[in-house]
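Observations on chain architecture
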Amino acid sequence: MSNLQDFISRQESAIQPLEGKFDMEKWLEKANAFFDLPLRLQSRLIILIAAVLLIPTFIFPLWNMTLYANQFPDGLNLYIYSYTLDGGHPEGRNDLQEINTLNHYIGMRPLLESDFSEFGWIPLMIGIFFILTLRTIVLGKMSNLVDTTVLFMYFSLFSFWSFYNRLYQYGHNLDPKAPVKVPPFMPPIIGSKQLANFTVYSYPGPASYFLVGFLLLLLVSILLSGRHLKKL
Amino acid sequence: MENVRKKIIFKGMISTFGLIGILSLTLFSGCSRKPEVEKGTEKSSTIGAAVASYIAPGDMDEYYLFYSGGHSGNVFVAGIPSMRHIATIPVFSLYPSTGYGFDQETRKMLGEFTWGDVHHPSLSETNGNYDGRWLFVNDNANNRMARIDLRDFKTKQILGPIPNVSGYHGGAFVTPNTEYILAASRFSIPLPKGTYAPIEQYATDYKGVVAGIAVDPKTGEMSVGWQILMPPFDYDLGDAGKGPSYGWAFWTSYNSERATGKLEVTSTQKDRDYIAAVNWKAAEQAIQNGKFKMIGGVKVIDPKEVPDIVYLIPCSKSPHGVDVSPDGKYIIGSGKLQSITTAFNMEKILTAIQNKDFTGNEDGIPVLNYDAVKEAEVNVGLGPLHTQFDDKGYAYTSLYVESAIAKWKLGTWEVVDKIPVSYNIGHLAAAEGDTINPKGKYLVALNKLSHGRHISVGPSQPESSQLIDISGEKMKLLYDAFTEPEPHYAQIIKADKLKPIEVYKKEDNKHPEAIWDVKDAKVERNENHVTVKMIAVRSSFEPWKIEVNEGDHVTIHLTNIEQTTDMLHGFGLNEYNINVVVDPGETKTIEFVANKPGVHPFYCTNFCSALHQEMQGYLLVKPKQSASTGMIR
Ligand SMILES: [Cu+2]
């Protein structure tokens with residue numbers, strides 16, 4: 001992973017010969033000063049809270065899909081955690097198994113935990129972010145905070161894309177020999193969709209909100225320490 | 001029209017119950033009671049009643065009603081107040097609907113019998129209240145006792161035929177902590193079973209038995225407990241004492257004449273018969289102290305040799321029901337050939353025993369002084385049979401001959417209301433009406449005749465069960481329901497006391513041959529034994545093909561790997577007389593000898609899914625070497 005500060009300093013040195021641009025130089029100076037800013041106590045405390053927000057992401061699901069049909073008035077639930085996949089268990093029912101049993105009719109691959117590489121790298125990455133965040137508090141420099149934040153945004157986007165792609169693959173790679181032939185489809189990511197006799201609702205779970213909260217707190221702490229730049 | 005109707009009812013009564021029929025005819029034609037009965041039942045259907053018993057689609061009933069299915073061998077489950085039949089629990093008879101009696105486990109449980117006669121369901125109790133754990137039912141025909149687990153509404157144990165007990169009518173009634181289930185002989189015989197004695201020696205050589213079947217408090221597992229040798233009367237119905245009468249068990253008996261032959265005459269000569277009162281705590285102690293003899297492999301107490309265990313309380317002629325009041329103070333006995341119900345006072349019974357206030361003895365068993373133990377005689381009406389209770393201190397007694405229920409007050413002993421029923425009521429069941437905390441509100445009349453109350457179905461008519469509102473001062477008829485033969489007793493339990501499971505969880509399946517992955521499905525041969533491990537899941541069997549040789553012994557362990565409510569699969573094997581139904585998460589074992597060569601389809605018998613019809617396979621039985629060609633195939 002490239003370090004944003006290095007990247008910017010490299011840009012800086014590359015631009016150096018072009019001294020004609022006075023504005024640019026001033027801007028770079030300002031940027032440098034910004035990255036060198038020390039993190040204020042307020043910011044560090046907020047970053048600590050952000051780090052704590054990562055812990056419940058190991059407890060709550062990232063995403064929740066609910067499938068309603070006449071014969072399932074209470075809905076079949078599918079929970080996607082950062083590290084595993086689980087269904088609802090009302091009255092001893094196993095919703096994940098039920099969803100797989102129903103999906104076999106349209107030739108969809110069974111949702112198996114072992115098929116998801118995400119369950120390996122997502123929790124690992126969240127763990128790394130936890131360490132990076134603590135490191136930022138200790139080192140107390142704006143550059144570390146910005147690095148962590150930008151990396152995290154990239155991670156979030158990649159994870160979301162990966163999740164989207166998974167659903168796309170499940171909905172499109174259907175067994176041509178399936179007893180019930182349906183046109184390939186894209187399951188809903190956010191919102192609801194009618195799929196055969198099921199109305200499927202898909203929404204982020206609590207863990208996703210914690211991750212969003214984590215990002216927001218990092219941004220707030222950037223703002224809190226960053227606004228002191230003017231005083232320089 | 002009205003006249004024709006009356007005639008039909010008169011005829012029905014004569015033909016169905018000889019003696020009592022005639023009695024009722026005389027009584028009814030002598031007074032103006034008859035038209036009143038009819039008017040009452042005809043006008044009962046009002047909008048108010050309809051609303052009171054209506055459960056909107058999708059809504060749930062407030063109570064479960066467990067009725068015995070009589071000689072169908074089953075137990076029926078209905079909801080109250082809707083009276084909708086919800087389920088049938090097979091107990092003593094084959095029941096292809098659920099595959100009962102076709103798999104190895106239930107076949108073994110049923111043994112040599114293919115039917116039973118379920119009479120009196122009894123819900124398990126803790127401190128005198130229903131605890132919703134088990135339902136026990138007796139088999140009047142083959143002297144067995146069954147336990148239904150209310151976790152999954154399935155029969156889990158059948159005990160018996162129980163030694164010495166003959167014609168097991170006097171059960172199943174549980175003691176307040178389900179320590180014992182009462183049992184008694186309706187038909188006295190020479191003991192042990194298998195002994196021959198001429199019928200002329202009935203009075204001396206035939207014996208009755210009253211008994212307590214022991215129940216393991218944790219598992220519900222039943223075992224033969226204590227038994228007591230009794231004079232050759234016919235022991236009919238029972239109830240366990242509670243509160244001040246805790247530790248005692250009571251049974252009515254008829255035929256204290258010790259008569260044989262035409263009992264309707266020979267056993268009805270005396271004015272009084274007896275209620276047998278057994279101190280079961282003392283019986284337990286006597287067995288522990290070794291005061292018993294072995295009869296038929298069971299420890300039996302002979303009251304001649306061990307005193308202070310059994311006493312006889314005179315009761316009005318040919319009593320049927322004996323019921324203990326919720327507070328345990330009164331023992332209510334009803335002589336079905338008289339018009340009174342007698343309340344005996346437990347305190348007075350204990351005093352009389354202490355003072356040895358006896359009027360004689362039967363085979364050494366002391367007979368208590370009737371006047372000393374009686375509290376009151378309640379003038380309930382004709383043919384009183386059984387009594388149940390509500391939460392306001394009232395008792396309800398069924399009147400067979402009168403086709404009515406009398407409501408009367410404990411303590412004042414006054415009849416305050418009467419409601420006609422259609423027709424000839426046997427037992428009645430009030431909501432938790434035989435516990436220490438009756439709920440009131442509802443009562444179900446279990447009537448023997450239903451003619452004219454439903455569209456005709458020919459000569460074999462269903463029984464009628466009528467729902468009656470007992471929440472107010474006056475009883476109100478709410479609903480007529482009809483059932484398969486033949487509810488005797490029933491019990492009503494608050495629905496929220498039961499928490500049935502919806503599927504058998506995979507992790508709870510302890511069947512040693514259960515498999516959960518199609519990779520483990522296989523057919524294995526060991527000489528002429530073929531073992532199949534099979535999976536049923538929407539919508540296929542795995543393996544779907546079983547190849548055997550004629551004469552092979554085939555064992556199929558079939559696991560339904562579904563974990564969804566109601567997703568049952570059946571296994572019907574054509575022309576092999578096999579149909580097993582496997583619940584989600586359950587494994588059942590099917591065994592048979594492949595003695596019919598050829599190709600036999602098997603298929604899912606319990607509709608499961610859109611491709612249910614495709615859920616099928618083949619048993620291919622290769623014929624033995626043919627004698628004529630000397631060739632196989
Ligand atoms: Cu099926």
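What this report covers is the structure whose coordinates are included nearby. The written sequence of each chain sets the order in which its residues are numbered from 1. Here the convention is simple: chains get letters from A, ligands get numbers from 1, in the order in which they are written. It should be noted that, the model being predicted, local features are given only for residues of pLDDT at least 70 and side-chain atom pairs only at 80 or more, the latter also being counted only at that level, while totals for whole chains, interfaces and linings use all residues. The side-chain numbers reported here are obtained from all heavy atoms of the structure, hydrogens and water having been left aside.

1. Focus: the overall build of chain B
Summing up its helical and strand segments, chain B has 10 helices and 41 strands in all. Scaling as 2.2 N^0.38, a compact globule of 633 residues should have a C-alpha radius of gyration of about 26 Å, and chain B matches this with 27 Å. By its C-alpha atoms, chain B is 85 × 65 × 50 Å across when sized along the principal axes. Sorting the 633 residues of chain B into buried and exposed places 58% on the buried side. Per-residue and other accessible areas were derived by the Shrake-Rupley procedure at a 1.4 Å probe size, with only the shown protein chains allowed to occlude residues. Here chain B displays about 26000 Å² of accessible surface, and carbon together with sulfur accounts for 53% of that area. To qualify as a helix, a DSSP run of H or I must reach at least 4 residues; to qualify as a strand, a run of E must reach at least 2; elements of each kind are numbered from the N terminus. For this measure, only C-alpha atoms enter the radius of gyration; the expected value for a globule follows 2.2 Å times N^0.38, where N is the number of residues. Burial here depends on accessible area, computed with a 1.4 Å probe over protein chains only, as a share of the maximum for the residue type. Under 20% is buried, over 50% is exposed, and the range in between is partly exposed.

2. Points about the coordination of the copper ion
All names here are of chain B. Donor atoms from the polypeptide that bind the copper ion are H569 (ND1), C604 (SG), C608 (SG) and M615 (SD), placed at 2.1 to 2.6 Å. Distances decide who is a donor: an N, O or S atom must be within 2.8 Å of the metal, or within 3.2 Å for Na, K and Ca. Water is not included, so sites may look incomplete. Each label reflects the angles at the metal, where four donors whose angles all fall between 85 and 135 degrees are tetrahedral, four or six donors whose opposite pairs open beyond 155 degrees and whose other angles stay between 65 and 115 are square planar or octahedral respectively, and the rest are irregular. Its four donor atoms give the copper ion angles of 90 to 126° at the centre, a pattern that matches the tetrahedral case. Looking at C608, the relative accessible area reads 9%, which means it is buried. Given a relative accessible area of 0%, M615 falls into the buried group.

3. Focus: the sheet that holds strand β9 (residues 208-215) of chain B
Residues and elements named next belong to chain B. Paired strands are those between which DSSP finds at least two bridges. Strand order in the open sheet formed by five strands is β8-β9-β10-β15-β14, and the pairing between neighbours is mixed. Two strands close off the open sheet at either side, each with one partner strand: β8 (180-184) and β14 (293-295). Between one strand axis and the next, the sheet turns through 35° on average, direction left out of account. Direction of pairing for β9 relative to strand β10 (residues 222-230): antiparallel, over a ladder of eight bridges. Residue pairing in the sheet places V210 in a bridge with I228 of β10. Think of each axis as a best-fit line through the C-alpha atoms, taken over the contacting stretch in the case of a helix, with angles from 0 to 180 degrees between the N-to-C directions.

4. A word on the side chain of T106(B)
Residues and elements named next belong to chain B. Looking at where T106 falls in the secondary structure, it is placed in helix α5 (residues 104-110). Each polar contact in these results corresponds to two N or O atoms within 3.5 Å; when the atoms are within protein, one needs to be able to donate a hydrogen and the other to accept it, and residues that are neighboring in sequence are counted only if both atoms are side-chain atoms. Within polar-contact distance, the side chain of T106 engages the backbone nitrogen of G101 at 2.8 Å. The residues touching T106, leaving out its near neighbours within four places in the chain, are G99, Y100 and G101. Any two residues whose heavy atoms approach within 4.5 Å are treated as being in contact.

5. Topic: unusual backbone geometry
Residue and element names in this part refer to chain B. Residue P81 is reached from I80 by a cis peptide bond, and omega for that bond is 15°. Position of P81 among the secondary structure elements: in the loop between β2 (74-80) and β3 (85-90). A cis geometry characterises the amide bond from E542 onward to P543, with omega recorded as 0°. Checked against the element boundaries, P543 lands in the loop between β34 (540-542) and β35 (545-549). You will see that M83, though not glycine, has its phi angle at about 65°, which is positive.

6. A word on helix α5 (residues 118-139) of chain A
Residues and elements named next belong to chain A. Here, expected helix span is obtained from the residue count minus one, scaled by 1.5 Å. Taking 1.5 Å per residue as the helical rise, α5 with its 22 residues ought to reach 32 Å, and the 30 Å between its terminal C-alpha atoms agrees with that figure. If you check which residues of α5 are buried, you get E118, F119, I122, P123, I126, F129, T133, T136 and I137. For α5, the buried positions fall inside an angular range of 135° around the axis, keeping them on one side. Exposed side chains of α5 directed beyond 90 degrees from the buried face belong to L124, I131 and V138. Among the structural elements, α3 (41-54), β2 (72-80), β3 (85-87), α6 (142-172) and α7 (206-226) are those in contact with the buried residues of α5. In the segment just after α5, G140 is the residue with positive phi, at about 65°. Directions from the helix axis toward the C-beta atoms define the arc.

7. Observations regarding the nonpolar core
Core analysis: the largest hydrophobic core is formed by 29 residues, its most contacted members being W226(B), I228(B), M230(B) and I309(B). V532(B), V582(B), A594(B) and V621(B) belong to the second-largest nonpolar core, a separate cluster that totals 27 residues. Side-chain atoms within 4.5 Å are what join buried Ala, Val, Leu, Ile, Met, Phe, Trp, Tyr and Cys residues into a set we call a nonpolar core.

8. With respect to the sheet that holds β3(A)
Residues and elements named next belong to chain A. Taken in spatial order, the five strands of this open sheet run β3-β2-β1-β5-β4, and their pairing is antiparallel. Every interior strand has two partners, whereas the edge strands, β3 and β4 (191-195), have only one. Along the sheet, successive strands turn relative to each other by an average axial angle of 20°, direction set aside. Strand direction decides the pairing type here: strand β1 (residues 63-69) and strand β5 (residues 198-204), joined by six bridges, are antiparallel. In the strand pairing of β5, W63 is matched with P204. Sitting on the sheet, helix α4 (residues 95-104) touches β1, β2, β3 and β5, and the angle it makes with β2 is about 100°.

9. A word on the interface of chain A and chain B
By a widely used convention, the size of an interface equals the accessible area lost when the partners come together. Across the boundary between the two partners, chain A contributes 12 residues, which contact 13 residues of chain B. The contact between chain A and chain B buries some 960 Å² in all, and 50% of this surface belongs to carbon and sulfur atoms. For the chain A face of the interface with chain B, the top three residues by lost area are E91(A), Q97(A) and Y105(A), together amounting to 43%. Salt bridge, as applied in this entry: a Lys or Arg side-chain nitrogen positioned within 4 Å of an Asp or Glu carboxyl oxygen. At the surface where chain A touches chain B, the tally comes to one salt bridge. On the surface where chain A and chain B come into contact, there are seven residue pairs in polar contact (both at pLDDT 80 or more). Any residue outside Ala, Val, Leu, Ile, Met, Phe, Trp, Tyr, Cys, Pro, Asp, Glu, Lys and Arg is labelled polar, Gly included; the first ten of those are nonpolar and the last four are charged. Its residues assigned to classes, the side of chain A that touches chain B shows four nonpolar, five polar and three charged. Once two parts are put together, the accessible area they lose, assessed with a 1.4 Å probe and summed over both, is termed the buried area.

10. Comments concerning the pattern of salt bridges
Enumeration according to the criterion identifies 30 salt bridges over all chains in this entry. Across the pair R258(B) and E362(B) runs a salt bridge, and its minimum N-O distance is 2.9 Å. One end of the pair, R258(B), is in the loop between β12 (248-254) and α7 (263-266); the other, E362(B), is in strand β20 (residues 358-362), and 104 residues separate them in sequence. Across the pair, E362(B) and R258(B) agree in class, each one buried. For D417(B), the salt bridge goes to K474(B), with nearest N and O atoms at 3.1 Å. Taken together, the positions of D417(B) in strand β26 (residues 415-420) and K474(B) in the loop between β29 (463-469) and β30 (476-483) put the pair 57 residues apart, joining distant regions of the chain. It is possible to trace a salt-bridge network through shared partners that takes in D74(A), R93(A) and D95(A).

Keep in mind that these numbers describe shape and distance, not what the molecule does.
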